[in-house]
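Residues per chain, in single letters:
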Amino acid sequence: MTQVDAAETGQDGAGRRTTGSGTWRPPIRQAIRRASRPEPWKRGPVLAASALLLGLLMLLHAEIPNRVGNLGSLVETFLPWFGVFIPALLVGAFWRRSASAVAALLLPGTVWLYLFGGMLSDKSHAGGYLTVAGHNVGADNPDPAGTARDLVASGADVLALEEITPQAQGAYEKGLAKAYPYHTVLGTVGLWSKLPISETRPVDIGMDYGPLAATKPAAVKLTYNRALRTTVATHHGPLAVYVAHLGSARVNPRAGFATDSRDRNAQALGKAVAAEKSKRVVLLGDLNGTTDDRAFAGLTSQLRSVQEVAGDGFGFSWPAEFPVARIDQILVRGVKPQSSWVLPATGSDHLPVAAGISW
């Protein structure tokens, strides 16, 4: 044996042969040899197929049709959660010692990181001219006065509320009056502001439709109005603010993902925003859907999500006990999102959301 061989291959204190670079080379070589054998590639075909289907499902989610039970929108609503299947399949792949399944998992892993990897980092920045917040206070909220106190503590300059009931409206007006001298309530939505507001009006989002819709007087429609538009006079110029509560989405065995009223409301709201002449626009509301859902293309093509631009994480807001989706949105145009966050729980089944903006 040459001197080089003697230096590279010796014996340790127990008489075991070692390499000059340590004992890590043989295990790696063994792993490579095992992976190159045909058996690991034949194991776990179901796992490998499942991994590929998962990747294709996330990659081609926009191609899933909505014709049957709004399946495409349902998948898009919970699209980030499809990532939990990746580690589960990986555990199964290692348990089965399936090289094909491990390789197949590269597809869903790459797709998920492409779609949502940016949400894993904190993109917030300090500063901002204005802090805005939105909250579906919940029609069944047992403590509206306590919710009002919690919202005052948030320090928001502009506060939008949805699902205000006639019984609770007085509690919110009383609890918020000192911190917010300017406010308006139209139907079930309202806005409270530390700055003057003007040009307030309801926004028709198609809550009424059909042949009898036009026969109802404005006073009757206002009682269940679910969207408004106003102008907030900030120190840096006017800001158009929309507050909206779109129709509910329901999952049931017969109809699937029922979103008819919500989708109709989203289309009408998108047209209203498109007709807005102000350069700076903020939409705060419970949209009953995520921005990944194709139903909101008319809005997301015009407005940016503050959470996606300047948030930390996914910012899930519903349900309050264990949030799994962000259906409470702050969308903007003509302003710069500086930060976005979720506020602590109140007596509602939704969490409040807030953002700092500037321009």
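In case you missed it, the structure is sitting above this.
Remember, it's a predicted structure, so these values are computed and weren't measured experimentally.

Asks: Can you explain the pattern of salt bridges? Please cite residues and give values.
Replies: Counting across every chain of the model gives five salt bridges. With a closest N to O distance of 3.0 Å, glutamate 76 and arginine 294 form a salt bridge. In this pair, glutamate 76 is assigned in helix 5 (residues 71–77) and arginine 294 in the loop between strand 12 (281–286) and helix 13 (297–300), connecting sequence segments 218 residues apart. Arginine 294 gets classed as partly exposed once you look at its relative accessible area, which sits at 28%. In this structure, the salt-bridge partner of arginine 262 is aspartate 263, at a minimum N-O distance of 2.9 Å. Given a relative accessible area of 0%, arginine 262 falls into the buried group. The exposure class of aspartate 263 is buried, given its relative accessible area of 17%.

Asks: Residue-level account of the packing of aromatic side chains, with values.
Replies: Tallying each qualifying case throughout the model produces seven aromatic pairs. Judged by centre distance (5.7 Å) and plane angle (25 degrees), the ring pair of tryptophan 81 and phenylalanine 316 falls under stacked. Of this pair, tryptophan 81 sits in the loop between helix 5 and helix 6 (85–96) while phenylalanine 316 sits in the loop between helix 14 (306–310) and strand 14 (328–333), and the two are 235 residues apart along the sequence. Judged by its relative accessible area of 31%, tryptophan 81 is partly exposed. Where tryptophan 112 meets phenylalanine 314, the ring centres are 6.4 Å apart and the plane angle is 55 degrees; that geometry is what we call tilted. Note that tryptophan 112 is positioned in helix 8 (residues 106–116) and phenylalanine 314 in the loop between helix 14 and strand 14, a separation of 202 residues in sequence. An aromatic cluster of three or more residues is present, and its members are Trp81, Trp112, Phe116, Phe314 and Phe316.

Asks: Tell me about the packing of helix 4 (residues 45–59) against helix 8, residues and numbers included.
Replies: One way to put it is that helix 4 packs onto helix 8 with a least axis distance of 8 Å and a crossing angle of 25 degrees. Relative to helix 8, the element helix 4 lies roughly parallel. As for the relative orientation of helix 4 and helix 8, their crossing is left-handed in sense. Counted together, Ala51, Leu52, Leu54, Gly55, Leu56, Met58 and Leu59 of helix 4 and Leu107, Pro108, Val111, Trp112 and Leu115 of helix 8 form the full contact between these two elements.

Asks: Please give an account of the nonpolar core that cites residues and values.
Replies: Side chains of a nonpolar character, in soluble globular proteins, are inclined to be buried together. Membership of the largest hydrophobic core comes to 22 residues, with the highest contact counts inside it found for Val132 and Ile330. When neighbours within four sequence positions are excluded, isoleucine 330 is seen to be in contact with Val132, Val282, Leu283, Leu284, Arg304, Ser305, Val306, Val353, Ala354 and Ala355. Among the nonpolar cores identified, the runner-up in size contains 21 residues, and Leu47, Ala93, Leu105 and Trp112 belong to it.

Asks: Run through the environment of valine 273, naming residues and quoting values.
Replies: Along the chain, the position of valine 273 falls in helix 12 (residues 260–274). Classification of valine 273 as buried rests on a relative accessible area of 0%. Along the backbone, valine 273 and leucine 283 are ten residues apart, and their C-alpha atoms lie at a distance of 8.9 Å. Each residue touching valine 273, except ones within four places of it in the same chain, is listed here: Tyr242, Leu299, Gln302, Leu303 and Arg333.

Asks: Please set out the sheet that holds strand 3 (residues 130–136) residue by residue, giving values where relevant.
Replies: What the six strands build is an open sheet, ordered 5-6-4-3-16-15; its pairing is mixed. Every interior strand has two partners, whereas the edge strands, strand 5 (182–186) and strand 15 (336–342), have only one. Across this sheet, the average inter-strand angle for adjacent strands is 15 degrees, counted without regard to direction. In the sheet, strand 4 (residues 158–162) pairs with strand 6 (residues 189–193) via five bridges, with the strands oriented antiparallel. Bridging from a neighbouring strand, alanine 160 pairs with leucine 191 of strand 6.

Asks: Tell me what's going on with the sheet that holds strand 14, and back it up with residues and numbers.
Replies: Pairing in this open sheet of six strands is mixed, and the strands run 7-8-9-12-14-13 from one edge to the other. Either end of the sheet is taken by a strand with one partner, and the two such strands are strand 7 (197–202) and strand 13 (304–305). In this structure, strand 12 lies alongside strand 14, joined through six bridges in antiparallel fashion. The residue of strand 14 that forms the bridge with leucine 284 is isoleucine 330. Running at roughly 170 degrees to strand 9 (residues 237–245), helix 12 makes contact with strand 9, strand 12 and strand 14 of the sheet.

Asks: Lay out a nonpolar patch on the surface in plain terms, naming residues and giving numbers.
Replies: Side chains of Leu53, Leu56, Leu59 and Leu60 sit close together on the surface and give an oily, nonpolar patch of about 370 Å² of accessible area. Mapped onto the fold, leucine 60 is located in the loop between helix 4 and helix 5.

Conventions adopted
- Residues numbered from 1 in each chain as written.
- Predicted model: local features only at pLDDT ≥ 70, side-chain atom pairs only at ≥ 80, totals over all residues.
- Heavy atoms only, no water.
- Salt bridge = Lys/Arg side-chain N within 4 Å of Asp/Glu carboxyl O.
- Helix = DSSP H or I, 4+ residues; strand = E, 2+ residues; numbered from the N terminus.
- Buried < 20%, exposed > 50% of the residue type's maximum accessible area, 1.4 Å probe, protein only.
- Phe/Tyr/Trp six-rings, centres within 6.5 Å; stacked < 30°, edge-to-face > 60°.
- Axes fitted to C-alpha atoms, helices over the stretch in contact; angles between N-to-C directions.
- Parallel < 35°, antiparallel > 145°, perpendicular 65-115°, else oblique.
- Left-handed = near helix turned anticlockwise from the far one by under 90°.
- Contact = heavy atoms within 4.5 Å.
- Core = buried A, V, L, I, M, F, W, Y, C linked by side-chain atoms within 4.5 Å.
- Pairing = 2+ DSSP bridges.
- Patch = residues over 30% accessible without salt bridge, like charges linked within 9 Å, V, L, I, M, F, W, Y side chains within 5 Å.
- Areas by Shrake-Rupley, 256 points an atom, 1.4 Å probe, with all protein chains shown as cover.

All we've got here are geometric facts, nothing functional implied.
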